[in-house]
Amino acid sequence: MSDNESAMRILYTAEATVTGGRRGHGATSTRNLEVDFSSPKEMGGEGGPGTNPEQLFALGYGACWQNAMIGIARRKGIDVLDSIATARVGSRQLRPGHHGLVVELLAQLQSITDRAQAQALHAERATPYPSSTPSPEPINVQTTSSHAPHTNHGSNNPATHQR
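Residues numbered from 1 in each chain as written. Predicted model: local features only at pLDDT ≥ 70, side-chain atom pairs only at ≥ 80, totals over all residues. Heavy atoms only, no water.

1. So, the pattern of salt bridges
Where we set the bar: Within this document, salt bridges are pairs made up of a side-chain nitrogen of Lys or Arg and a carboxyl oxygen of Asp or Glu, the two lying within 4 Å of each other. Strands are runs of DSSP state E lasting at least two residues, helices are runs of H or I lasting at least four, and both sets are numbered from the N terminus onward. To sort residues, take the accessible area from a 1.4 Å probe on protein chains only and compare it with the maximum for the residue type: under 20% means buried, over 50% means exposed, and anything in between is partly exposed.
With the rule as written, the count across this model stands at 4 salt bridges. Note that arginine 22 is salt-bridged to glutamate 54, the shortest N-O span being 2.7 Å. Here glutamate 54 lies in helix H2 (residues 53–75) and arginine 22 lies in the loop between strand S1 (16–19) and strand S2 (25–28), a separation of 32 residues in the sequence. Salt-bridge contacts for arginine 88 lead to glutamate 104; the nearest nitrogen and oxygen are separated by 3.2 Å. Remark: glutamate 104 occurs in strand S5 (residues 98–109) and arginine 88 occurs in strand S4 (residues 84–95); sequence separation between them is 16 residues. Since its relative accessible area comes to 46%, arginine 88 is described here as partly exposed. Among the residues examined, glutamate 104 registers a relative accessible area of 18% and is labelled buried.

Structure follows, in structure tokens:
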């Protein structure tokens, strides 16, 4: 197998089935996750007790991003297993009938006291989510440590990184 073929190989496929859309029901093929959906009031829904796709995306993105950060830290000899990752996913209207996602990632690095170490753990490019969700919206990545001041990571703007 060539390097290119190896790079293109699918490692894992998750499968989920949904009925009823944003106000319906969904389950993974393994039945490890089964949810009822409710549409948020902010999006014209009833705001019921179910979850919504943005919440599920935030969970997945946060877990994947934190895992990438832990891997980067391990390779640098830094222990961040006590870190806390928070992903915020918003939906905004780009134009009538078209929505885009706004993602904010927050990492609390409990045991890191060095600001440079905190900045070195910028993990966004090591997780598959940014490359699999093309969007004109920026990803705002914020890293804080127990003793280091708040830091933003970005390319065009000190507060954001453009996907």
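After presenting the structure, the write-up continues.
2. Re the environment of arginine 31
Note on placement: arginine 31 falls in the loop between S2 and strand S3 (34–36). Note on arginine 31: relative accessible area 54%, which makes it exposed. Between the C-alpha atom of arginine 31 and that of alanine 16, which follows or precedes it by 15 residues, the distance is 8.9 Å.

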